[in-house]
Amino acid sequence: MTTTTVDVTRGSVAWARRRAALAGFWRQYRRDREGLTGLILLVLIAAVAVAAPLLAAETGLSVTHAPGRPIEPPSGTFWMGTDFNGRPIMTLIIWGSRISLIVGFAATVISMVIGTLVGVLAGHFTGWRGGVFNKLTDWFLVIPFLPLAIALAQLFHGLPKLLAVIIVIGITSWSGTARLVRAQALTVEARPYLERAKALGAGHWHQVSHHVLPNVMPLVLANTTLTVSISILAETTLSFLGLGDPLHASWGTVLHDAYAQAAISNGAWWWVIFPGLSVVVVVRAFNMCGRATERILDPRLRERA
Amino acid sequence: MSTAQRTGGGAARRRLRALTPRYVASKVVGAAVLLLFVTIFNYFLFRVMPGDPAKTFAPRGRNDDPAALQAMRERMGQGKPWWEKFLLYLDNLAHGELEHSYSQHQPVVDAIAERFWPTVLLSGTALVLAAVIGMWLGARAGWRHGSRFDRATSATSLTWYSVPEWWLGLILIIVFASKSGLGLFPVSGMSDPRSDLPYWLDVAHHMVLPVTALTVVYIAQYTLVMRSSIIDERYADYLAAARAKGLRDDQVRNRHALRNALLPSMTQLFLSLGFVVSGAITIETVFSWPGLGLLSEQALSGPDYPLLEGVFLVFSAAVIVMNLIADLIYPLIDPRVRAA
Amino acid sequence: MSSTPPAPRSWLTNQSVKNLRVRMALVAAVALTALGGVAAPAAADGTPSPGTAVSASAPAQSHAKDAFVMGIKADIDSLNPYVGLLVPAFDAYALMYDYLTDGSPQDMSPVPSLAEKWETSADGLTWTFHLRKGVKWSDGKDLTSADVKFSYERVLVPDSTENGQYGSSFSNVTKVEAPDADTFVIHTSEPNASLLAATMAGGVPVVPKHIWENIKDVGSYANDGSDGKPVVGSGPFQLVEAKKGQYYRFKANPGYWNGAPHISELTMVFFQNEETMVQALEKGEIDFISALTAKAFNALKTKSDPTITLNQGPSQYVYELGLNTGAATVDNTPIGDGHPALKNVKVRQAIEYAIDKQTLVDKTLLGTAKVAYGENSPLNSAWYWDPPAAMKRTFAPDKAKQLLDEAGYKAGADGVRVGPDGKPLTFRLFARSEATESQDQARYIQEWLKEIGIKADVQVVSNDALTDLIGKGKFDMFLWDWWWGPDPEGLLSVFTCSQRSTMDGDAISGGWSDSFYCNPEFENLYKQHVVEMDPAKRKVIVDKALENLYVNAVYATLYYDQTLQAYRNDRFTGFVPQPASGGSMVAQIGTWSYRAIKPYTAPAAAPEDSGGSRTVLIIAGAVVLLLVVGGAVFAMRRRSTADERE
């Protein structure tokens with residue numbers, strides 16, 4: 001988003017340069033087998049999430065009109081079996097992919113915005129102001145993620161649960177990004193053209209928005225894919241601990257229900273295995289994309305690839 | 001990113017210069033400030049939590065009169081001005097005291113002390129195993145960079161890394177502990193009061209599954225770090241010199257590359273040590289392992305804020321202290337610093 | 001001690017170097033776990049001197065067949081009888097201490113325990129208990145009326161911890177005294193029909209004066225032997241080892257006045273997780289599970305393992321859909337933001353008509369509960385009241401719609417009814433994060449209410465948050481439950497005007513009322529039943545009070561929960577249910593089962609497990625092992641290529 005505003009003000013030359021860079025990136029990405037596999041998987045999963053109403057009738061989510069009997073094993077009718085309410089697990093997974101992905105992406109956006117902001121500010125400002133942002137980052141780095149998330153989940157109990165989960169994951173996972181961005185911002189700050197901009201009297205906002213941010217964004221975006229996978233895992237874990245939104249089927253809440261309703265003792269393995277595998281596949285796919293992007297953007301790795 | 005610094009001699013000199021009283025003092029003060037910051041944040045975070053704990057812990061169905069309820073509230077310190085309570089809190093903390101747990105009916109400090117070592121035992125073992133196995137795999141994979149083994153190791157460890165550890169724990173229980181499975185290991189707990197085994201062996205038996213779940217998931221961190229630092233070293237000039245001396249490939253790796261590549265992994269290990277106490281919340285929940293993770297999960301029902309607060313403080317303090325130790329001994333373990 | 005034999009000397013020479021490395025890795029791993037194991041004892045009890053606790057436990061462990069182990073789902077929160085609040089904690093107190101009276105195993109009516117007999121004065125103001133002679137504390141001292149007086153007196157101290165725990169039934173007790181070593185007397189200012197119930201197990205325990213008079217801070221006393229002093233009691237079992245979060249071991253008291261138990265030890269093992277508890281029972285790691293959820297119970301039921309006996313009986317838990325009938329404080333100041341429509345009794349009745357309770361029970365509890373109408377549990381049979389069939393509001397959506405029409409709520413554009421005031425019938429429905437079944441049930445109720453034109457906005461909150469919301473009147477509907485004791489006073493008091501919230505300045509603190517019901521006729525009945533000492537006359541009053549609650553639809557009472565238990569019949573036998581017809585086998589009023597059970601001795605060939613659940617292993621095993629095998633294959637390949645190179 002930031003890039004587009006910059007592009008508009010800088011005119012078409014910069015736009016063309018960026019388009020060329022993007023094309024170059026894609027050329028390299030296309031040749032990365034791992035990255036491509038991940039991307040195809042993600043596109044498939046996203047397609048499932050978007051086409052959920054076409055793939056599985058929404059009535060499958062209703063408890064009073066559930067199509068199946070309690071815990072039916074996988075069959076021709078119910079490919080992944082049913083839960084205790086007789087709802088098809090596949091319907092829950094298909095519709096749950098929406099929630100899982102929304103939580104993953106929304107939390108990532110929050111995390112990236114905070115992380116980028118704090119990182120850029122910590123890198124841009126010198127003296128105590130930078131120190132404060134730096135300390136803030138340090139501090140969030142030392143607080144163990146899950147306990148903080150648990151504590152914050154208590155704090156946000158008044159919000160709708162889904163929103164609370166998104167916010168909690170967002171504000172607990174930005175510190176890594178901030179650290180990364182700060183390092184990058186520091187190198188950018190040292191470049192001559194920024195000296196020139198300062199000499200010409202550019203304000204902090206101009207320096208940051210026109211010079212620091214555009215240079216930092218590619219790294220941030222590469223980092224995004226990894227953050228999404230972490231957020232999806234976090235949603236699953238928070239749901240498992242009973243801090244998720246039990247009213248919206250996400251993969252995490254389906255697993256939580258299975259655990260809370262003794263699916264294993266009842267021999268309903270399908271209720272545990274399929275949603276779990278969905279999590280593993282989507283997290284792995286984001287990992288693949290993230291690593292491929294990193295390889296391409298980090299020249300040190302590229303030389304060796 | 002940091003690898004760029006590690007190649008030149010300048011970085012080593014900087015580090016040597018860094019371990020001065022001034023460096024040590026700045027690190028200690030930094031940690032102390034962070035600790036204070038965490039304490040204050042922690043305190044106020046849990047003070048804005050909603051609810052009336054007195055009501056929560058007096059169960060429904062038993063008729064307490066308002067006076068008794070009020071007495072309970074006063075016991076919990078409600079009704080005093082916030083700054084008075086905060087000063088009292090800091091004073092108590094300075095004496096190593098935390099508040100009283102509503103749900104455990106014992107001082108939070110005692111509750112935490114009981115659960116501290118089981119957690120260190122569980123996650124510590126898993127951490128050491130993950131680090132050793134991960135570094136071993138990473139070193140091999142990095143050395144044969146691009147080989148089939150490399151790709152398989154990276155792919156496998158990253159796949160495991162994508163698995164929620166508690167889900168893996170559940171599956172391990174199904175397969176290895178349940179009656180319908182192999183039934184080789186106990187399903188839950190840290191020891192069996194009826195066991196015929198010596199106590200330590202009984203505990204070890206109970207540890208196998210949770211440690212496996214944690215280890216397998218965390219291997220990837222060490223594999224990847226080790227792999228990338230070995231790749232860095234592999235192309236360094238001094239290795240070419242070593243090869244020119246006629247050393248065999250594995251000798252070059254073990255005597256030269258590995259030694260230098262160990263540093264980032266050791267850093268990673270040190271930084272993870274602080275997370276040992278907080279790293280196993282879900283696994284402890286699944287296996288009813290009587291550690292701090294299980295305690296936090298127990299504190300969640302209620303919720304028992306003083307207990308959550310205490311556990312949270314211990315979790316953060318552990319990380320801060322371990323980071324400080326890492327900062328202080330990091331210059332000492334850097335071989336290039338010693339060589340200089 | 002060590003189980004690994006010393007390695008033979010030839011061991012090194014027999015191995016190839018490659019294998020040696022693998023072995024060394026294994027040895028290292030074992031050593032590591034061993035180190036951990038050694039470190040653990042100090043860790044587990046957290047005392048600076050680990051030697052005492054460990055030596056008491058580890059070597060002296062009895063692996064005898066007569067050591068009974070039961071799984072508990074909630075950890076014992078405290079072994080101090082003045083602080084603990086959870087069911088297993090009260091079970092532990094009953095093991096360790098005695099009470100003046102017990103609840104009979106047949107119907108929970110008061111029967112002699114420490115008091116051999118008792119009588120009430122003609123005016124109902126004086127209770128005299130005649131104590132059993134020759135009862136001894138576990139340290140050998142005699143249990144006398146001085147101990148009883150000491151135990152009861154501390155409960156009477158206003159605002160004390162002890163009073164907070166047990167004082168509610170003693171508000172009109174003026175004095176207790178011990179005229180001689182075997183007699184104990186309670187004086188009350190007015191007749192107190194619920195006093196005797198408070199002397200039963202679960203009520204005031206009789207603790208040794210010579211121990212407890214020296215304990216300064218009762219509120220934080222652990223009473224688990226961690227201060228180095230043995231825990232002294234007179235009950236059928238004594239605490240020998242307490243490991244919080246793990247297990248609690250009790251040893252049988254061979255000199256118990258009512259006969260020594262037939263088991264040598266009783267251990268309660270804590271499980272955070274029901275799945276593993278069920279697995280542990282199936283494997284025989286534990287012998288008994290006392291409170292199963294319906295789904296876990298179903299698992300054991302469908303497997304029908306002949307070595308596991310299931311017990312399903314009534315409990316004292318009653319589940320309701322709570323309704324905000326108009327939140328106000330005790331002085332009738334309206335508080336909160338409850339939907340005004342719920343003040344209308346027709347709307348409340350319509351809600352009950354819309355709920356298919358039988359389906360709710362069948363689907364969310366797999367039929368393990370009984371549909372409820374009246375508020376008291378049938379287990380409290382003496383005070384149970386069930387509405388006559390004509391009065392029952394059974395599932396009838398049309399009737400519900402008709403009632404809403406009559407009340408003036410016409411269907412709106414989006415299917416949600418709108419009142420004359422233009423306010424749509426949108427109610428908040430709170431389910432609880434601690435109770436998974438309530439979340440499940442909220443979905444059903446939401447869908448049923450939708451059919452009659454009521455929109456339920458379901459929110460899941462913690463017990464704590466919900467208590468707060470209810471106290472402030474910021475709710476419309478919620479799903480929760482009550483545990484009703486044998487005496488109806490507790491139940492009825494919850495619906496009295498004085499249990500509504502109180503306001504102190506701006507701060508509102510909730511009472512026990514979660515309906516904010518305040519009905520003059522009901523108040524009258526409540527007052528009458530407290531002082532009526534004749535059980536038959538009291539019954540008539542209580543019935544009327546319960547009928548009043550039902551007619552006014554204060555709650556939509558949903559179901560009477562059942563106690564679901566399971567045990568290994570190849571291990572122990574002789575359980576005593578309370579009440580006699582399918583009642584609970586543990587967590588009773590008294591220790592009937594614990595004292596009666598015997599190890600099962602007849603040889604029984606353990607039959608093979610039914611094949612169905614093997615599928616679980618195969619599927620899950622495949623998933624897990626796939627990558628392990630894959631990794632191994634790659635490792636081997638790499639090894640072979642490495643060998644080729646060398």
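The rules behind these values
- Residues numbered from 1 in each chain as written.
- Chains lettered and ligands numbered in written order.
- Predicted model: local features only at pLDDT ≥ 70, side-chain atom pairs only at ≥ 80, totals over all residues.
- Helix = DSSP H or I, 4+ residues; strand = E, 2+ residues; numbered from the N terminus.
- Buried ≥ 20, exposed ≤ 12 C-beta atoms within 10 Å, placed from the backbone.
- Contact = placed C-beta atoms within 7 Å.
- Nonpolar A, V, L, I, M, F, W, Y, C, P; charged D, E, K, R; others polar.
- Pairing = 2+ DSSP bridges.
- Axes fitted to C-alpha atoms, helices over the stretch in contact; angles between N-to-C directions.
- Core = buried A, V, L, I, M, F, W, Y, C linked by C-beta atoms within 7 Å.
- pLDDT = per-residue confidence, 0-100.
- Parallel < 35°, antiparallel > 145°, perpendicular 65-115°, else oblique.
- Left-handed = near helix turned anticlockwise from the far one by under 90°.

A. Structural context of the overall build of chain C. The helix and strand tally for chain C stands at 19 helices and 23 strands. Within chain C, the proportion of its 646 residues that are buried is 50%. Considering only contacts within chain C whose residues lie at least 6 apart along the sequence, 68% involve residues at least 24 apart.

B. Focus on the overall build of chain B. When helices and strands are counted, chain B shows 16 helices and 0 strands. Burial analysis of chain B (340 residues in total) assigns 55% to the buried set. The long-range share in chain B, meaning contacts at least 24 apart out of those at least 6 apart in sequence, stands at 72%.

C. Geometry of the environment of W200 of chain B. Position of W200 of chain B among the secondary structure elements: in helix α10 (residues 199–234). Residues W200 of chain B and F46 of chain B lie 154 residues apart in sequence; the distance between their C-alpha atoms is 38 Å.

D. Here's a closer look at the interface of chain A and chain B. Counting residues at the interface gives 28 residues for chain A and 35 residues for chain B. The element that contributes the greatest number of residues to the side of chain A that touches chain B is helix α13 (residues 269–297) of chain A, accounting for 7 residues. Broken down by class, the residue content of the side of chain A that touches chain B amounts to 19 nonpolar, 6 polar and 3 charged.

E. Region of interest: the sheet that holds strand β4 (residues 115–120) of chain C. Residue and element names in this part refer to chain C. Reading across the sheet, the 4 strands line up as β4-β5-β7-β6 and stay open at both edges, with antiparallel pairing between neighbours. Looking at the sheet topology across the chains shown, the edges are occupied by β4 and β6 (173–180). Strand-to-strand twist across the sheet, computed as the mean angle between neighbouring axes with direction ignored, equals 15°. By the bridge criterion, 5 bridges tie β6 to strand β7 (residues 183–188) in an arrangement that is antiparallel. For V173, the partnering residue across the bridge sits in β7 and is T188. Taken strand by strand, helix α5 (residues 145–156) contacts β5 (126–131), β6 and β7, and its axis lies near 170° from that of β6.

F. Fine view of the nonpolar core. Membership of the largest hydrophobic core comes to 311 residues, with the highest contact counts inside it found for A149 and V272 of chain A, L170, V217 and V311 of chain B together with A350 and A354 of chain C. No other element matches the 21 residues that α10 of chain B contributes to this core. Apart from the residues lying within four places of it in its own chain, the contact partners of V217 of chain B are W160, Y161, V163, E165 and L168 of chain B. Membership of the second largest hydrophobic core comes to 18 residues, among which are V118, A185, L213 and V216 of chain A.

G. A look at the confidence of the model for chain B. Residue and element names in this part refer to chain B. Put simply, chain B has an average pLDDT of 78, and 81% of its residues get 70 or more. Scored below 50 in pLDDT, residues 1–16 shows 15 contacts in the model against residues more than four places distant or in partner chains. Note on residues 56–65: pLDDT under 50 across the span, and 28 contacts to partners over four residues away in sequence or across chains.

H. How the structure looks around helix α11 (residues 357–364) of chain C. Among all positions of α11 of chain C, only K357, L360, V361, K363 and T364 of chain C are buried. Packed against the buried residues of α11 of chain C are β13 (370–371), α13 (436–451) and β21 (555–568) of chain C.

I. Highlighting the packing of helix α16 (residues 520–531) of chain C against helix α17 (residues 535–551) of chain C. All names here are of chain C. At a minimum axis distance of 9 Å, the contact between α16 and α17 shows a crossing angle of 155°. Taken together, α16 and α17 sit at an angle that is classed as roughly antiparallel. Judged by the sense of rotation from one axis to the other, the crossing of α16 with α17 is left-handed. Contacts between α16 and α17 involve E521, F522, L525, Y526, Q528 and H529 from the first element and R538, I541, V542, K544, A545 and N548 from the second.

J. Local environment of the confidence of the model for chain C. Residue and element names in this part refer to chain C. Put simply, chain C has an average pLDDT of 82, and 83% of its residues get 70 or more. Within chain C, helix α10 (residues 345–354) carries the highest mean pLDDT (96), whereas helix α1 (residues 11–14) carries the lowest (29). Every residue in residues 1–62 is under pLDDT 50, and counting partners more than four places away or in other chains gives 57 contacts. Here residues 636–646 is a poorly scored stretch, pLDDT under 50, and it has 2 contacts once near neighbours within four places are set aside; other chains count. Overall fold confidence (pTM) sits at 0.83, and the ipTM for the predicted complex is 0.86.

K. Structural detail: the environment of Y555 of chain C. Residues and elements named next belong to chain C. By the element assignment, Y555 lies in strand β21. With 26 C-beta atoms counted inside 10 Å, the residue Y555 sits in the buried group. It is 41 Å that separates the C-alpha atoms of Y555 and P236, two residues lying 319 residues apart in sequence. Not counting the four nearest positions on each side in its chain, Y555 is found in contact with E320, L321, G322, L323, E375 and S515.

L. Inspection of the pairing of strand β1 (residues 67–72) of chain C at higher detail. All names here are of chain C. Counting buried positions along β1 gives 6 out of 6 residues, so the element sits mostly inside the fold. Residues of β1 alternate between two faces, with A67, V69 and G71 on one and F68, M70 and I72 on the opposite face, all of them buried. Both β1 and strand β10 (residues 265–270) contribute to a ladder of 6 bridges, which runs parallel. Paired with A67 across the two strands is E265, which belongs to β10. Judged from the 2 bridges that link them, β1 and strand β11 (residues 288–289) form a sheet pairing that is parallel. By the bridge assignment, G71 is partnered in β11 with I289.

M. Geometry of unusual backbone geometry. Residues and elements named next belong to chain C. With an omega dihedral of 0°, the bond running from Q578 to P579 counts as a cis peptide bond. Here P579 is to be found in the loop between β22 (572–573) and α18 (592–596). Even without glycine at this site, N223 takes up a positive phi of about 55°. By the secondary structure assignment, N223 is in the loop between α7 (209–212) and β8 (237–243). Here A553, not a glycine, exhibits a phi torsion of approximately 45°, which is positive. Among the residues examined, A553 registers 23 C-beta atoms within 10 Å and is labelled buried.

N. A look at the packing of helix α7 (residues 145–155) of chain A against helix α8 (residues 161–172) of chain A. Residue and element names in this part refer to chain A. Running from amino to carboxyl end, α7 crosses α8 at an angle of 140°, the nearest separation of the two axes being 9 Å. Here α7 lies oblique to α8, going by the angle between them. Pair α7 / α8 crosses with right-handed handedness. From α7, F145, L148, A149, L152 and A153 reach across to α8, where they touch A164, V168, I169, I171 and T172.

O. Region of interest: α7 of chain A. For α7 of chain A, the tally of buried residues reaches 8 of 11 residues, placing the bulk of the element in the interior. Of the positions making up α7 of chain A, those classed as buried are L146, P147, L148, A149, I150, A151, A153 and Q154 of chain A.

P. A look at the pairing of β4 of chain C. Residues and elements named next belong to chain C. Both β4 and β5 contribute to a ladder of 5 bridges, which runs antiparallel. In the strand pairing of β5, W118 is matched with F129. Connecting β4 to the next strand, β5, in antiparallel fashion are 5 residues, including G124 with a positive phi near 75°.

Q. Up close: the environment of A317 of chain B. Residues and elements named next belong to chain B. Its place among the elements puts A317 in helix α15 (residues 305–333). Look at A317 and you get partly exposed, because 19 C-beta atoms sit within 10 Å. Sequence separation between A317 and L35 is 282 residues; the distance between their C-alpha atoms is 6.5 Å.

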